[in-house]
Amino acid sequence: AQTVTQSQPEMSVQEAETVTLSCTYDTSESDYYLFWYKQPPSRQMILVIRQEAYKQQNATENRFSVNFQKAAKSFSLKISDSQLGDAAMYFCAYRSGNTGNQFYFGTGTSLTVIP
Amino acid sequence: EAGVAQSPRYKIIEKRQSVAFWCNPISGHATLYWYQQILGQGPKLLIQFQNNGVVDDSQLPKDRFSAERLKGVDSTLKIQPAKLEDSAVYLCASSLAAGVNEQFFGPGTRLTVL
């Protein structure tokens with residue numbers, strides 16, 4: 001099974017500053033998808049951003065962008081102009097493009113935004 | 001558009017008791033997932049349905065866990081009998097179809113087994 005590693009259990013950032021959350025993954029596949037999910041204290045998980053492995057261009061969604069390094073199997077999330085509402089658990093996830101639909105999640109990074 | 005609904009939101013039981021969770025996916029979503037999220041860990045897939053058929057239940061502890069989606073809409077997940085290590089949040093998610101990237105998650109049910 002694929003593994004997803006988030007080595008930062010907790011991170012903090014000052015409001016309006018930029019923070020980067022790290023994620024690495026292990027796979028032998030060439031076709032896959034990567035995701036960042038946000039889980040606020042209410043526990044409803046929502047999709048922040050996704051990246052298709054075949055795309056070289058890094059995905060961007062407003063203040064959220066990724067740095068996808070396929071050879072290094074690294075997929076970090078950058079949050080610019082951090083806002084109080086960004087405080088949450090962030091999960092990195094992997095889905096195979098070949099062998100089914102199961103998502104493999106990392107252990108999460110708890111982000112605190114300091115006013 | 002209504003989101004994924006789950007009930008109850010919280011449940012406390014004693015070990016060896018039974019418990020059931022209910023999920024109503026987004027209307028029209030053919031694929032439904034149940035995840036177990038233990039404190040400090042990421043969600044782990046327990047079972048995936050495509051309409052009313054099981055696609056993947058490889059990580060479902062079948063000696064005590066069961067799930068059904070009889071009419072291809074609502075789903076129930078049951079634990080019988082519960083163990084202390086079953087304490088977790090149980091998340092339901094749905095997607096338009098299998099292979100579609102975006103899953104929509106419900107708020108979860110927090111289970112505490114004493």
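A brief structural summary.

Conventions used here
Residues numbered from 1 in each chain as written. Chains lettered and ligands numbered in written order. Predicted model: local features only at pLDDT ≥ 70, side-chain atom pairs only at ≥ 80, totals over all residues. Heavy atoms only, no water. Helix = DSSP H or I, 4+ residues; strand = E, 2+ residues; numbered from the N terminus. Rg over C-alpha atoms; globule rule 2.2 N^0.38 Å. Contact = heavy atoms within 4.5 Å. 1 Å grid on protein atoms, 1.4 Å probe; cavity = no way out; pocket = protein on both sides within 12 Å on 5 of 7 lines; lining within 4 Å. Points joined across faces, edges and corners; volume = space filled by probe spheres on them. Nonpolar A, V, L, I, M, F, W, Y, C, P; charged D, E, K, R; others polar.

**What about the overall build of chain A?**
Right, on to step 1. Helices and strands together make up the secondary structure of chain A, namely 0 helices and 12 strands.
Right, on to step 2. Mapped from its N terminus to its C terminus, chain A presents α and β elements in the order β-β-β-β-β-β-β-β-β-β-β-β.
Right, on to step 3. Relative to the globule expectation of 13 Å for 115 residues, the C-alpha radius of gyration of chain A, 14 Å, shows essentially globular dimensions.
Right, on to step 4. C-alpha extents for chain A along the principal axes are approximately 45 × 25 × 20 Å.
Right, on to step 5. Contacts spanning at least 24 positions in sequence make up 55% of the contacts within chain A whose residues lie at least 6 apart.

**Thoughts on the layout of surface pockets**
Right, on to step 1. By volume, the largest pocket amounts to about 300 Å³.
Right, on to step 2. Lining the largest pocket are 21 residues; nearest its centre among them are Gln39 and Arg43 of chain A together with Gln37, Leu39 and Gly40 of chain B.
Right, on to step 3. Taken together, the elements giving at least two residues each to the lining of the largest pocket come down to strand S10 (88-96) of chain A together with strand S9 (88-95) and strand S11 (109-113) of chain B.
Right, on to step 4. Partitioning the lining of the largest pocket into residue classes produces 10 nonpolar, 9 polar and 2 charged.
Right, on to step 5. Counted as a void, the second largest pocket has a volume near 180 Å³.
Right, on to step 6. As for the second largest pocket, its lining consists of 13 residues, of which Tyr104 and Phe105 of chain A together with Pro43, Lys44 and Gln59 of chain B are closest to the centre.
Right, on to step 7. Put simply, the parts of the chain that give the lining of the second largest pocket at least two residues each are strand S1 (3-5) and strand S11 (103-105) of chain A together with strand S5 (44-50) of chain B.
Right, on to step 8. Looking at side-chain class alone, the lining of the second largest pocket contains 6 nonpolar, 6 polar and 1 charged residues.

So far we have only geometry, and geometry alone does not tell us how the molecule works.
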